[in-house]
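# A structural walkthrough
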Amino acid sequence: MQVTFCRLRTHQWCFILFNVILFHALLFGADFVEEYFLHSLPHVDMKVLEIKEKARKLNMEPLRSNPSKYYVLSQSDICKGKNIFLLSFIFSSPGNGTRRELIRKTWGNVSSVQGHPILTLFALGMSVTITTQREIDKESHKNNDIIEGIFLDSFENQTLKIITMTQWAVTFCSNALFILKIDEEMFVNMPSLVDYLLNLKEHLENIYVGKVVHQDTPNRDPGSQNFVPLSEYSQKYYPDYCSSEAFVMSQDVAWMIYVVFKEVPIMVPADVFVGICAKIVGLIPIHSSRFSGKRHIRYNRYCYKFIFTSSDTKDAEISLVWMEINGGKECSLFETYYGLISCKLLTYLDSIKHFHMGTIKNNDMYLND
Ligand SMILES: *[C@@H]1O[C@H](CO)[C@@H](O)[C@H](O)[C@H]1NC(C)=O
Ligand SMILES: *[C@@H]1O[C@H](CO)[C@@H](O)[C@H](O)[C@H]1NC(C)=O
Ligand SMILES: *[C@@H]1O[C@H](CO)[C@@H](O)[C@H](O)[C@H]1NC(C)=O
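Cut-offs and rules
Residues numbered from 1 in each chain as written. Chains lettered and ligands numbered in written order. Predicted model: local features only at pLDDT ≥ 70, side-chain atom pairs only at ≥ 80, totals over all residues. Helix = DSSP H or I, 4+ residues; strand = E, 2+ residues; numbered from the N terminus. UniProt positions renumbered as here; feature names shortened; annotations may be inferred. Near = placed C-beta within 6 Å. Nonpolar A, V, L, I, M, F, W, Y, C, P; charged D, E, K, R; others polar. Buried ≥ 20, exposed ≤ 12 C-beta atoms within 10 Å, placed from the backbone. Contact = placed C-beta atoms within 7 Å. Core = buried A, V, L, I, M, F, W, Y, C linked by C-beta atoms within 7 Å. Domains from an automatic or database assignment. Expected span 1.5 Å × (residues − 1). Pairing = 2+ DSSP bridges.

### With respect to unusual backbone geometry
In this structure, Gln114 takes a positive phi of about 50 degrees despite not being glycine. Mapped onto the fold, Gln114 is located in the loop between strand E3 (112–113) and strand E4 (116–126).

### Some points on the UniProt feature "transmembrane region" (unreviewed entry) in the protein
In the numbering adopted here, UniProt assigns the feature "transmembrane region" (unreviewed entry) to residues 12–30. Here residues 12–30 is 100% helix and 0% strand, with 27 Å between the C-alpha atoms at its ends.

### A short note on the site of ligand 2
Contacts to ligand 2 come from Phe151, Leu152, Ser154, Glu156, Asn157 and Leu160. By residue class, the composition of the shell around ligand 2 is three nonpolar, two polar and one charged.

### A look at the site of ligand 3
Near ligand 3 you find Ser93, Gly95, Asn96, Arg99, Glu184 and Glu185, and these make up its full shell. Its residues placed into classes, the shell around ligand 3 shows no nonpolar, three polar and three charged.

### Some remarks on the environment of Phe227
Note that Phe227 resides in the loop between strand E8 (208–213) and strand E9 (241–250). Taking the C-beta count within 10 Å as the criterion, Phe227 has 13 such neighbours and is therefore assigned partly exposed. For the pair Phe227 and Met267, spaced 40 residues apart in the sequence, the C-alpha separation amounts to 8.3 Å. The residues touching Phe227, leaving out its near neighbours within four places in the chain, are Asn219, Asp221 and Pro222.

### Describing the nonpolar core
With 82 residues, the main nonpolar core has Leu87, Phe89, Ala176, Ile179 and Tyr208 as its most contacted residues. Two domains each provide a minimum of three residues to this core, namely domain 1 (29–292) and domain 2 (295–361).

### Focus on helix H5 (residues 130–143)
The end-to-end C-alpha distance of H5, which contains 14 residues, comes to 20 Å, matching closely the 20 Å that a straight helix rising 1.5 Å per residue would cover. Where H5 ends, the next residue or the one after it, Asn144, has phi of about 50 degrees, a positive value.

### Some points on the pairing of strand E5 (residues 146–152)
Within a regular strand, side chains alternate between the sheet's two faces. Pairing of strand E1 (residues 71–73) with E5 involves two bridges; the strand directions are antiparallel. Across the sheet, the residue bridging to Tyr71 is Gly149, located in E5. Looking at chain direction, E4 and E5 are connected through four bridges and run parallel. Bridge assignment links Met126 to a residue of E5, and that residue is Leu152.

Take a look at the structure:
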């Protein structure tokens, strides 16, 4: 009698254990599999070596002595003589001074992590109105943190913006080890991001990391704003690339991309453009699920201490999150675990909700036709 009872209990335990493992495997398995399979060694051949050599010999002196040819505002001396671990380039729209002010007061105000200096700058194109330009001039004078390229800051010109800012980084900030490209609607947890960069195996070189998009296809709908004609890009799939909201590259990668960018069709989306450049120079993007991509991560203190970014954060949320995670208290192991689980579940729930809303909207459109 007693023996059967014991056996039964063992079975029950096994069942419970199995369920716990299954639960974790379902929740985190995809992340592990993704990170494992999307990680392989960079590809090196003669062409790549040539590009590296070209990048090493690149002479940026003409540009350095004449910044006004490409930039309205260039802050050309801001990196001089400094030790910079991470150059954080926030891609902002000219008319969004309030958002920039908020970022300066919150996550953009982190000037070093574990003794590693961070430089935060805003990347802008030109505005169509003169009033906005005047305001930007004033803002720039006050904060000395705006780089403004000579091109119209529009949806279609985002690729041009990345090229211009990469050029700025290799010309005026070649002493920065890493460059972060980040959009203004994001929240960034600098301490966890820097900690991750410090622990990367490859260390300092050949790094192109973010939320990797795998086997994305070009938009072939001629009516769409993102239309990519076959003449621009003829293959079925794009190479793997890091989603544009946030990605990090090491300085050598910026140089190599700058060397090859003229070979790449400019009409593809900006992040794909960087991905194609990276492929030409033999790089494989490194994936981390701690970059949120386009997803908004529902706020939870423990979870936000772990992730690198969250998209679509409202002004009020940024201030709140900043105050809370900056509050100093560390998380215990259990709290971190709890945070991760709830973070995952809530984000999944949110995406299901979005999906449903999306379908309903589509149906509406269909009915109205
Ligand atoms: C930004 O950080 C500095 C220290 O690095 C601090 O003195 C300053 O008060 C902070 N500014 C804001 C607005 O939090
Ligand atoms: C992109 O910028 C260029 C240079 O300022 C400008 O001539 C062009 O109209 C812009 N393109 C779009 C679609 O805004
Ligand atoms: C400013 O940025 C916020 C956050 O990304 C965005 O919601 C808003 O539309 C932007 N406003 C302008 C004028 O670009």
